[in-house]
Amino acid sequence: MKTTEWRQDSEYVALVSDLLAMPEVQKLADYTQHHHSNRLDHSISVSYNSYLIAKKHGLNTRATARAGLLHDLFYYDWRTTKFNLGSHAFIHPRVALRNAEKLTELTPMEKDIILKHMWGATSALPKYRESFIVSLVDDYEAINEFFGPAQLKKFRRWRRISLKQRILNQLEK
């Protein structure tokens, strides 16, 4: 996603502007997320792209946008901070939920979205379709941010060549 695309969507901005104005949310920009992004940009990308999918399917855009923005509301470097109670994948949704509850009132759906956004890496099954959307978009954004534009282009080229080679190998048999 282009980093400013969401700013042109007045409906989306109206849903999240109060949260984006909070220093606690803006502070996320101080933390690297997946090598090529900071946590605030990552959270906005997850929020906005999840919102677009929810809107397309007639789902709860408010809960999706707001919880998507708050899903990684924690203030530590997940690469270096370790917990005795479990992995980062298990712990950080609970930390994010606790932090989000200090900022705003959350609906049961918003709580589920934040708490279960690591579905797949954890066994906590989402209760709502909106929760599945945020979880899947979060995974997608993490991959894009981890690889960065240059590596992603190389990977796609490798995959295309690899597929062509596999087809040629099958034809030779």
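Model, not experiment: these values are computed from the prediction.

> What is the right way to read the overall build of the chain from this model?
Across its full length, the chain holds seven helices and zero strands. Expressed as a percentage of its 173 residues, the buried residues of the chain come to 46%. Long-range contacts, defined here as pairs at least 24 residues apart, represent 62% of the contacts in the chain between residues at least 6 apart. If you sum the accessible surface of the chain, you get close to 10200 Å²; carbon and sulfur atoms cover 57% of it.

> Would you explain the packing of helix α3 (residues 39-56) against helix α4 (residues 61-70) in this entry?
The angle between the axes and the distance between the axes are what describe a pair of packed helices. Two elements in contact, α3 and α4, have axes separated by 7 Å at closest approach and are oriented at 165 degrees. Taken together, the axis directions place α3 and α4 in an arrangement best described as roughly antiparallel. In the crossing of α3 with α4, the sense of the turn from one axis to the other is right-handed. Only Thr61, Thr64, Ala65, Gly68 and Leu69 of α4 make contact with α3, whose side of the interface consists of Ser43, Ile44, Val46, Ser47, Ser50, Tyr51, Ala54 and Lys55. Each residue belonging to the contact of α3 with α4 can be placed in one class, and the counts come to six nonpolar, six polar and one charged.

> What should I look at first to understand helix α1 (residues 10-20) in this one?
Residues separated by three or four positions in an α-helix point in the same direction, a consequence of the helix having 3.6 residues per turn. Among all positions in α1, only Tyr12, Leu15, Val16, Leu19 and Leu20 are buried. Each buried residue of α1 lies within a common arc of 130 degrees when the element is viewed along its axis, so the set occupies one face. The exposed residues of α1 that point more than 90 degrees off its buried face are Ser10 and Ala14. Check the buried side of α1 and you find it contacts α2 (23-26), α3 and α4.

> Mind showing me how you'd approach the pattern of salt bridges here?
Opposite charge on two side chains permits them to pair, given that their charged atoms come into close proximity. Counted by the stated rule, this structure contains six salt bridges. Note that Asp18 is salt-bridged to Arg66, the shortest N-O span being 2.8 Å. One end of the pair, Asp18, is in helix α1; the other, Arg66, is in helix α4, and 48 residues separate them in sequence. Residue classification places Asp18 among the partly exposed positions, given a relative accessible area of 37%. Looking at Arg66, the relative accessible area reads 4%, which means it is buried. It is possible to trace a salt-bridge network through shared partners that takes in Asp18, Arg62, Arg66 and Glu110.

Rules behind the numbers
Residues numbered from 1 in each chain as written. Predicted model: local features only at pLDDT ≥ 70, side-chain atom pairs only at ≥ 80, totals over all residues. Heavy atoms only, no water. Helix = DSSP H or I, 4+ residues; strand = E, 2+ residues; numbered from the N terminus. Buried < 20%, exposed > 50% of the residue type's maximum accessible area, 1.4 Å probe, protein only. Contact = heavy atoms within 4.5 Å. Areas by Shrake-Rupley, 256 points an atom, 1.4 Å probe, with all protein chains shown as cover. Axes fitted to C-alpha atoms, helices over the stretch in contact; angles between N-to-C directions. Parallel < 35°, antiparallel > 145°, perpendicular 65-115°, else oblique. Left-handed = near helix turned anticlockwise from the far one by under 90°. Nonpolar A, V, L, I, M, F, W, Y, C, P; charged D, E, K, R; others polar. Arc of directions from axis to C-beta. Salt bridge = Lys/Arg side-chain N within 4 Å of Asp/Glu carboxyl O.

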